[in-house]
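Structural overview for review
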Amino acid sequence: MTSERPLLEVNGLKKHFPIFGGILGQETAKVYAVDGVSFTIDRGETLSLVGESGCGKSTVGKSILRLYPVTDGEVYLAGDRIDNLPAGRLRPLRRRVQVVFQDPFSSLNPRMKVRDILAEPLINFGIVRGGRALTERVELLMDKVQLPRDAIGRFPHEFSGGQRQRIGIARALAPGADLIICDEAVSALDVSVKAQIINLLVDLQDEFGMALLFISHDLAIVEHLTHRVAVMYLGKIVELADRRTLFAKSHHPYTRALLSAVPVPDPTAKRQRIILTGDVPSPINPPSGCRFHTRCPFVFDRCRVEEPLLRSVGEGHVSACHLDHVPGGQVVPMAG
Amino acid sequence: MSSATTTQSGYAAAPALADVLPPVRQRGRVMTFVRRNPTIVLGGTLLLVMVLIAILAPYLGTVDPTALAPAKRTREPSAQYWFGTDMLGRDVYSRVIYGARISLIVGFAVAAVASILGTFIGLVSGFIRGADAIMMRVMDGLMSIPSILLAIALMALTRASVQNVVIAISVAEFPRVSRLIRGVVLSLREQPFVEAAVASGTRLPMIIVKHILPNTLAPLMVNATFICASAMIIEASLSFIGAGTPPIIPSWGNIMAEGRALWQVKPYIVFFPAIFLCITVLSVNLLGDGLRDALDPRLAKRL
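Residues numbered from 1 in each chain as written. Chains lettered and ligands numbered in written order. Predicted model: local features only at pLDDT ≥ 70, side-chain atom pairs only at ≥ 80, totals over all residues. Heavy atoms only, no water.

Remarks on the overall build of chain A
The condition that has to hold: A helix here means a DSSP run of H or I that spans at least four residues, while a strand means a run of E at least two residues long, and both kinds are numbered starting from the N terminus. Just to be clear, the radius of gyration here is over C-alpha atoms, and the globule rule we use is 2.2 Å times residues to the power 0.38. Burial status follows relative accessibility: with a 1.4 Å probe on protein chains alone, a residue under 20% of its type maximum counts as buried, one over 50% as exposed, and anything between as partly exposed. Any two residues whose heavy atoms approach within 4.5 Å are treated as being in contact. Here the accessible surface of atoms and residues is derived via Shrake-Rupley with a 1.4 Å probe, and residues count as covered only by protein chains that are part of the display. Think of it this way: Lys and Arg go in the positive column, Asp and Glu in the negative one, and His and the chain ends go nowhere. Every charge is mapped onto a representative atom, which is NZ of Lys, CZ of Arg, CG of Asp or CD of Glu.
Along chain A, the regular secondary structure elements total 10 helices and 12 strands. Here the C-alpha atoms of chain A give a radius of gyration of 21 Å, agreeing with the 20 Å that 2.2 N^0.38 yields for 336 residues. The burial tally for chain A puts 56% of its 336 residues in the buried class. The long-range share in chain A, meaning contacts at least 24 apart out of those at least 6 apart in sequence, stands at 64%. Roughly 14,200 Å² of accessible area belongs to chain A as shown, and the carbon and sulfur atoms make up 51% of that amount. Measuring between centres, the 41 positive side-chain charges of chain A sit 3 Å from its 37 negative side-chain charges.

Some remarks on helix 9 (residues 252–259) of chain B
Among the 8 residues of helix 9 of chain B, 7 are classified as buried, and the element is accordingly described as predominantly covered. Buried residues of helix 9 of chain B: W252, G253, N254, I255, M256, A257 and G259 of chain B, and no others.

Looking at the sheet that holds strand 9 (residues 228–233) of chain A
All names here are of chain A. Rules: Criterion used throughout: strands pair if DSSP finds at least two bridges between them. The axes used here are C-alpha line fits, helices contributing only the stretch in contact, and every angle between their N-to-C directions lies in the interval 0 to 180 degrees.
The 8 strands lie next to each other as 6-7-8-3-9-10-12-11, forming an open sheet whose pairing is mixed. At either end of the open sheet lies a strand with only one pairing partner, and these are strand 6 (97–100) and strand 11 (311–314). Recorded for the sheet is a direction-independent mean angle of 25 degrees between the axes of neighbouring strands. Of the strand pairs in this sheet, strand 3 (residues 46–50) and strand 8 (residues 211–216) are connected by 5 bridges, and their pairing is parallel. Along strand 8, the bridge assignment pairs T46 with L212. Of the strands in this sheet, strand 6 and strand 7 (179–183) touch helix 5 (residues 161–173), which is tilted by about 175 degrees from strand 6.

Let's talk about the nonpolar core
All names here are of chain A. Just so we agree on the cut-off: For this analysis, a nonpolar core means a set of buried residues of the types Ala, Val, Leu, Ile, Met, Phe, Trp, Tyr and Cys, connected via side-chain atoms within 4.5 Å.
Core analysis: the largest hydrophobic core is formed by 62 residues, its most contacted members being I169, I180 and L219. Ranked by residues supplied to this core, first place goes to helix 6 (residues 191–208) with 7 residues. Not counting residues up to four positions away in its chain, the partners in contact with I169 are V100, V145, I197, L200, L201 and L204. Listed in part, the 36 residues of the second largest apolar core include V34, V37, I82 and A230.

Let's talk about the packing of helix 3 (residues 114–124) of chain A against helix 5 of chain A
All names here are of chain A. Keep this limit in mind: Angles are sorted into four bins: roughly parallel if under 35 degrees, roughly antiparallel if over 145, roughly perpendicular if 65 to 115, and oblique for all others. When the near helix sits turned anticlockwise from the far one by under a right angle, the crossing is termed left-handed; a clockwise turn instead gives a right-handed crossing. Gly counts as polar in this scheme, as do all residues outside two lists: the nonpolar Ala, Val, Leu, Ile, Met, Phe, Trp, Tyr, Cys and Pro, and the charged Asp, Glu, Lys and Arg.
It is the contact of helix 3 with helix 5, at a shortest axis distance of 8 Å, that shows an interaxial angle of 25 degrees. One element, helix 3, and the other, helix 5, form an angle in the roughly parallel class. Of the two elements, helix 3 crosses helix 5, and the hand of that crossing is right-handed. Note on element contacts: helix 5 touches helix 3 through I167, A170 and R171, opposite V114, I117, L118 and P121. Grouping the amino acids of the contact of helix 3 with helix 5 by side-chain chemistry returns 6 nonpolar, no polar and 1 charged.

Thoughts on the pattern of salt bridges
Between side chains of opposite charge, a pair can form as their charged atoms come close. Our working definition: Salt bridges are defined as contacts in which a side-chain nitrogen from Lys or Arg sits within 4 Å of a carboxyl oxygen from Asp or Glu.
This model, assessed by the stated rule, comprises 26 salt bridges over all chains. The residue D35 of chain A makes a salt bridge to R291 of chain A at a minimum N-O spacing of 2.5 Å. Placement of D35 of chain A in strand 2 (residues 26–41) and of R291 of chain A in the loop between helix 9 (253–260) and helix 10 (301–305) is noted, with a sequence separation of 256 residues between them. Classification of D35 of chain A as buried rests on a relative accessible area of 11%. For R304 of chain A, the salt bridge identified is with D301 of chain A, shortest N-O distance 3.5 Å. Placement of the pair is R304 of chain A and D301 of chain A together in helix 10, with a separation of 3 residues, close to one helical turn. The exposure class of D301 of chain A is exposed, given its relative accessible area of 60%. When salt bridges that share partners are traced, they join D86, R90, R95 and E258 of chain B into one network.

Here's the deal with the environment of V193 of chain A
As for its position among the elements, V193 of chain A is in helix 6. Given a relative accessible area of 15%, V193 of chain A falls into the buried group.

Let's talk about unusual backbone geometry
Residue and element names in this part refer to chain A. With a phi close to 60 degrees, R66 is a non-glycine residue in the positive phi region. Topologically, R66 is positioned in the loop between helix 1 (57–64) and strand 4 (72–77). R66 sits in the buried class, given a relative accessible area of 13%. Even without a glycine there, the phi angle at L234 is positive, about 50 degrees. Along the polypeptide, L234 turns up in the loop between strand 9 and strand 10 (236–242).

As for the environment of R311 of chain A
All names here are of chain A. Turning to its location among the elements, R311 is positioned in strand 11. In this structure R311 comes out as partly exposed when scored by relative accessible area, which is 35%. In this structure, the C-alpha to C-alpha distance between R311 and L204, residues 107 residues apart in sequence, is 34 Å. Sequence-distant contacts of R311, defined by excluding residues within four places in its chain, comprise H317, V318, S319 and H325.

Re the sheet that holds strand 5 (residues 80–81) of chain A
One open sheet accounts for 4 strands, arranged 2-1-4-5 (chain A); its pairing is antiparallel. Two strands lie at the open edges of the sheet, namely strand 2 and strand 5 of chain A, each paired on one side alone.

This is how it looks when you write it as structure tokens:
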């Protein structure tokens, strides 16, 4: 284990889902859910992965978790390669990478009490043996996520959405992971509860120093808690920068379109909205050249044939757009 | 994180408060249960009465149900013979009461055997893609034969006994259970809580025991009651056509089969076992309906 290497390194991650069809059930097509994604996360850092639904951001999270095998690419956790670990040797990885899911209702087993839900990782990873110590540990976890201790014997259906999400966060905290993947962890909650859960996540990160991979479609949420942001479109990262740069000086037209869609609380504010037309193209048959060319307001000939590569456009700021390399290409004014 | 900060994008970061209130405790009382689930209570009570009758058969004023009395053949129902006597002079009341044992044993045993077998097959199909296609085609094949015909065919191959009746009916009924469980397993294994358990380091056997099986219990129980009712009818049908329990054992099907010849002159011999069979099957079906309403949130429409 080398301390110089980032906590998580993802190199050219690909995940293709086969589609079976025909009489014999043979593979007829592929969904290119994630098609060559690379990024790193340092210890204690928050990286947000944003994009429209269906762009493959959740698939990235689940691939890192090894909830299914990856098609291609490499994933390193603190220097150890984890994408090709055999199924029998995943437990050490599982202890270090945890997950909080979007839906607080389906992510908790309806037939298990809070105690049993939180005890499961503790027992699996051999953190505590059972009995008194286990109960104490579970109560401690409940304190950390600000759940009342007397709720330990309750079933998930007795809680509100926000409380259930707290249980989910406590479960992810239980093994003391280095990285917690928050897969749309606040998207299903009301605005006020959303803010509470985000505050909780930020507080917990301050306290325990774990890194977060925060998967979201909501840039406004992301702005509160992230250090860096990666924008995904149709299975690829189109722009990656630290928060300040991305929100102030984004390069990619898609990022700008997303930013211009973020609501601004001032009704008199003048904004230039970039309205994208059409839907995200199918990841089964992605467009040639730049994947965004079918909806890009600044499309030109080169975009349709040549795929733009992620290139550095500033310190720690990469973007995949041909406009970045055209003199005077950055003419698009920033939105709101 | 500081409290109450409003930002450019408009999300006010409120201090944690309302969300932390203690959770609501559910109220559950016997009367509430009765009021909300009248069918469960009615079906359950009727079934309980039948079970008690079967267990307490020797103490309910019965005589030996197989004792012949040729001098007292085909007596009408009276104070001495409540349900009359059959063509061999046996007491129909005693035979019907003892017959409840066979029906209930067959019903419960088939429900248990078919559920266990079906759950096992369903789990294997749900988890092993390669086995799934083959096993489900076999199940399709079994289900394409009407269950009573399959049971008759199986009984024709073996000796008449209660055990063989249970096996024959179970074979006819379990494919439906395996179908059901396979479907439930396929949807459950994609649930986030199962993925979360995998991420928590839980291995497959424990995933099945702790996360999959408890969640199959509700549909399984509902299905088991309907199989139980269906098994009792099939058992009676088999006995009626002489392919079921051996004639020396009094079962409702046997009693009706023997009374059939005298149907036009002594209808009560058929009538009493038929009434008991009706009530028992009705009670089990009521229980199943009630359980389905109570356990399946999609079908339960109550305020």
